[in-house]
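Take a look at the letters that make up each chain.
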Amino acid sequence: MKDAARTSVLSSEWRQGWVSYPKLRLNSETMLGIRRGDIYYASEEKAQKYRGKFIENVHAVMRQHQGFWLEEFVLEYGFHEMDAHHIDSWVTRAASMRLKRLVIDLSELRLDCRFDLKQYALALQLVDEISTVEHLCILELRNLSLKPIGDFGGFLNLTMLELQHVCVAKDDLESMLCKCPALERLALNLWGRFVSLQIGHQLRRLEHFSLGDGTLVEKLQIDAINLKTISHSDNIREIVTRKDSRITETSEVPKCRSSFMHLRQLTLSMHLNSFCKFDILRLVDVLEAAPVLEHFELTVEEFMSPFLYGDESLPLVPIHPHDHLKTALFKGFAFNEDLVALALYILRSAESLELMAVRTRYESGRRMADHFLRREDSRNVVDIAPSVDCVRYFNDVDW
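Quick look at the structure, then. Here the structure is a predicted model, which is why all the values come from computation and not from measurement.

## Considering the side chain of D223
Thinking step 1. Among the structural elements, D223 can be located in the loop between β10 (215-222) and β11 (229-231).
Thinking step 2. Here Q198 takes part through its side chain, which lies 2.7 Å from a polar atom of the side chain of D223.
Thinking step 3. Apart from the residues lying within four places of it in its own chain, the contact partners of D223 are Q198, I199, G200, H201 and R242.

Written as structure tokens, this is what we have:
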């Protein structure tokens, strides 16, 4: 689709290629022909040009699409409430074509994004039509708000629902869930704290439920009779289940050992802040689950806590040998205890390591890398530099 999209954007002769395409993935690559990273570091003026061109191209695609059904519609761009009329029109058009999968990801794309811009609020009534209700199976929403549910009729055949960094009132969330009786998988990572949250008895088909670190729940009431697994961290104080509950697994840390037996290259990107916690040392379990891993890359786009104040703050991580790991890259290395502990774990456990490139955005991160990693680097494999030099050091590495 990417090649077709770029050609369609650049040449009017190819625009008819969109007419009946069953999967529309609308992002910076397909609509603008540029990488996400180019927008991330763009100036305000250039970012506005990108935004205007993106909107223009999406409108053209939606006008020309004449299919009677649409398998999936994926919108990935950093829009806000001021763009609501555009988003609403695209979603309404997509929903009218027997849509099966809807993804709206409005994650901010720019490094110097404005935090004073109001978040886009989605009205579920936009997709509350007979054609959509009957066919929509998967709904994924990220970095937006939900308007009050009101007279929303529900999604009768929705089997998977994922809400990531979504602002929604407790009553609206519970009402929405009750109107999705076919749900089998539910993943929530919502902004804020809930005194109580109920997974109602209406969800008779629900088997798997996960609650992300960004959501704090004092009391979780589960009445879904067929629920089998719950995945969460330490963000639930009390879980109340039915007496005839069939739950067989409550997982605080994902169990993934021996899951990636043939994985050789792993690239991860995280956007972390003080409102959305993630235990970076969980990645140790991921590394242990990939016994033949050769290249590990971790990008941290933002970091605010917890800070590292001395050697005694470093967590102790048991060493597990990683005999095949040759290169490791940390982008956005920060002044943080868990990140330092993860880097030290790799440095100590990977005897075949040939290069550990550490790229920092701030002086504090560089000082931490110098202090903790240099003294452990008996093989002289650690290379520390500002983030702008990341690519240059890896050009000659043969993956």
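## What to know about helix α7 (residues 170-178)
Thinking step 1. Taken as a whole, α7 has its buried residues at D172, L173, E174, M176 and L177.
Thinking step 2. Turning to α7, the residues buried within the fold contact β5 (138-146), β6 (160-167), β7 (185-190) and β8 (192-199).

## Comments concerning the packing of aromatic side chains
Thinking step 1. Following the criterion strictly, the structure yields 7 aromatic pairs and no others.
Thinking step 2. Ring geometry for F296 and F330: centres 6.1 Å apart, planes at 65°, overall edge-to-face. With F296 in strand β15 (residues 295-300) and F330 in strand β16 (residues 327-333), the pair connects residues that are 34 residues apart, well separated along the chain.
Thinking step 3. Residue classification places F330 among the buried residues on the basis of a relative accessible area of 1%.
Thinking step 4. An angle of 85° between the planes, with centres 5.9 Å apart, marks the rings of F330 and F333 as edge-to-face.
Thinking step 5. Ring pairs connect the aromatic residues F54, Y77, F79 and W90, which therefore count as one cluster.

## Focus: the sheet that holds β16
Thinking step 1. Taking strand neighbours across the sheet as the criterion, the 5 strands line up as β14-β15-β16-β17-β18 in an open arrangement whose pairing is parallel. A single partner strand is all that each edge strand has here, and the edge strands are β14 (265-270) and β18 (382-386). Across the sheet, the axes of successive neighbouring strands diverge by a mean angle of 10°, strand direction being ignored.
Thinking step 2. In terms of strand pairing, β16 meets strand β17 (residues 355-360) through 6 bridges, oriented parallel. Looking at β17, one finds that F333 is bridged to T360.
Thinking step 3. Lying on the sheet, helix α9 (residues 337-349) is in contact with β15, β16, β17 and β18; it crosses β16 at an angle near 170°.
Thinking step 4. In the packing of helix α10 (residues 363-373) onto the sheet, contacts are made with β16, β17 and β18, and the angle to β17 comes to roughly 150°.

Cut-off values and rules
Residues numbered from 1 in each chain as written. Predicted model: local features only at pLDDT ≥ 70, side-chain atom pairs only at ≥ 80, totals over all residues. Heavy atoms only, no water. Helix = DSSP H or I, 4+ residues; strand = E, 2+ residues; numbered from the N terminus. Polar contact = N/O pair within 3.5 Å; in protein donor to acceptor, adjacent residues only side chain to side chain. Contact = heavy atoms within 4.5 Å. Buried < 20%, exposed > 50% of the residue type's maximum accessible area, 1.4 Å probe, protein only. Phe/Tyr/Trp six-rings, centres within 6.5 Å; stacked < 30°, edge-to-face > 60°. Pairing = 2+ DSSP bridges. Axes fitted to C-alpha atoms, helices over the stretch in contact; angles between N-to-C directions.

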